[in-house]
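Geometric and topological summary
One letter stands for each residue in the lines below.
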Amino acid sequence: MEEFDFIIIGAGPAGLSAAQYASRGGLRTLVLDSNIGGQLLQINELENYPGVFPGVNGFDFALKMKEQAKTFGVAFLEQMVLSLEKIGDYFSVKTSKAEYKGKYVLLSTGAVHKNLEVAGEKEHIGKGVSYCATCDGPFFRGKKIVVVGGGDSACSEAIYLSSLSDDVSIIHRRNEFRAQKAIVEKMLKCGVKPVYDCVVKSINGETVVESLTVENVKTGETKNILCDGVFVFTGIVPQNSLVSDVKKDENGFILCDEKMETSVANLYVAGDLRSKEFRQVVTAVNDGAVAAHSVIEKIK
């Protein structure tokens, strides 16, 4: 069983940042993930990361972070982690290919988008229903597109989709968006049409998406909106299945102290999986750096 000082599970911005700081600080560091980049891969243009101007593609940004970490000696293995177990003072991390041992572990497995859980959603996944605008947006160039959600992700994706079509609407259950003001203003300037106070009741179509049925939460009135593509960004679900005995908040996000250490000694958390108010690339990178620094200080 190969042993490392620090094992990082999850290679999004939090994990990549932690890897760089840990290896640069002298730790023998391993990063495990079946897909390097995490949520960065869904960002068409990262325009609000300090010092990175003009904006860059999320995939390119992730690739640079990985290459930068490798220059400090980080080992990257694209393997799916199946289990994490603490045995005495060490952790055993089993993947689809091998087992690794480490005294310190960072969980940075992130979160995934929620489904709407409405009629017609599952049947139309890949047939007009999508959860990744940069992945599937080009298929709907020049067509009628509807975005569902009201946070930063929804509004940012609507901005991107507006570059592909002049007919983009965004449905939100409230009368104002939760996203940052600058993002909302940019979205509206791009011509995205808001549909306030409405929720999706069903996604309709014979073989592909043809329309949505929405309900006004204030009046109860329902109506159909014709569309070819539906992009859903209504929240996230934490990827916490590897740990059951760690303290979490009511939504399943993992609690930690200011050093990113969880209720389990020597187990750290960073990024979207961590219980916090503000989830951005820059905050994930900060989490990872803090976690790595904390491990280095503890070893010293």
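Let me sum up the structure you'll find in this document. Source: prediction; values computed, not measured.

Take helix H1 (residues 13–24) next. With 12 residues, H1 ought to run about 16 Å at 1.5 Å a step, and its terminal C-alpha atoms sit 17 Å apart, in line with that. Here H1 lies mainly inside the structure; 10 of its 12 residues are buried. Taken together, the buried positions of H1 are Pro13, Ala14, Gly15, Leu16, Ser17, Ala18, Ala19, Gln20, Ala22 and Ser23. Packed against the buried residues of H1 are strand E1 (2–9), strand E2 (29–32), helix H2 (58–71), strand E3 (75–77), strand E6 (99–107) and helix H6 (281–299). At the C-terminal side of H1, glycine 26 shows a positive phi close to 100°.

The next thing to look at is the packing of H1 against H2. Two numbers describe how H1 lies on H2: the axes approach to 9 Å, and their chain directions differ by 20°. Compared by their axis directions, H1 and H2 come out roughly parallel. Crossing hand, H1 versus H2: left-handed. Seen from H1, the contacting residues are Pro13, Leu16, Ser17, Ala19 and Gln20; seen from H2, they are Ala62, Met65, Lys66, Gln68 and Ala69. For the contact of H1 with H2, the residue count by class is six nonpolar, three polar and one charged.

Moving on: the sheet that holds strand E12 (residues 198–204). Each strand in a sheet pairs with its neighbour through backbone hydrogen bonds, running either in the same direction (parallel) or in the opposite one (antiparallel). Pairing in this open sheet of three strands is antiparallel, and the strands run E12-E13-E14 from one edge to the other. Each of the sheet's edge strands pairs with one partner strand only, and the pair in question is E12 and strand E14 (222–226). With direction set aside, neighbouring strand axes in the sheet form an average angle of 30°. In this sheet, strand E13 (residues 211–216) lies alongside E12 in antiparallel orientation, the contact comprising six bridges. Residue pairing in the sheet places serine 202 in a bridge with threonine 213 of E13.

Conventions adopted
- Residues numbered from 1 in each chain as written.
- Predicted model: local features only at pLDDT ≥ 70, side-chain atom pairs only at ≥ 80, totals over all residues.
- Heavy atoms only, no water.
- Helix = DSSP H or I, 4+ residues; strand = E, 2+ residues; numbered from the N terminus.
- Expected span 1.5 Å × (residues − 1).
- Buried < 20%, exposed > 50% of the residue type's maximum accessible area, 1.4 Å probe, protein only.
- Contact = heavy atoms within 4.5 Å.
- Axes fitted to C-alpha atoms, helices over the stretch in contact; angles between N-to-C directions.
- Parallel < 35°, antiparallel > 145°, perpendicular 65-115°, else oblique.
- Left-handed = near helix turned anticlockwise from the far one by under 90°.
- Nonpolar A, V, L, I, M, F, W, Y, C, P; charged D, E, K, R; others polar.
- Pairing = 2+ DSSP bridges.

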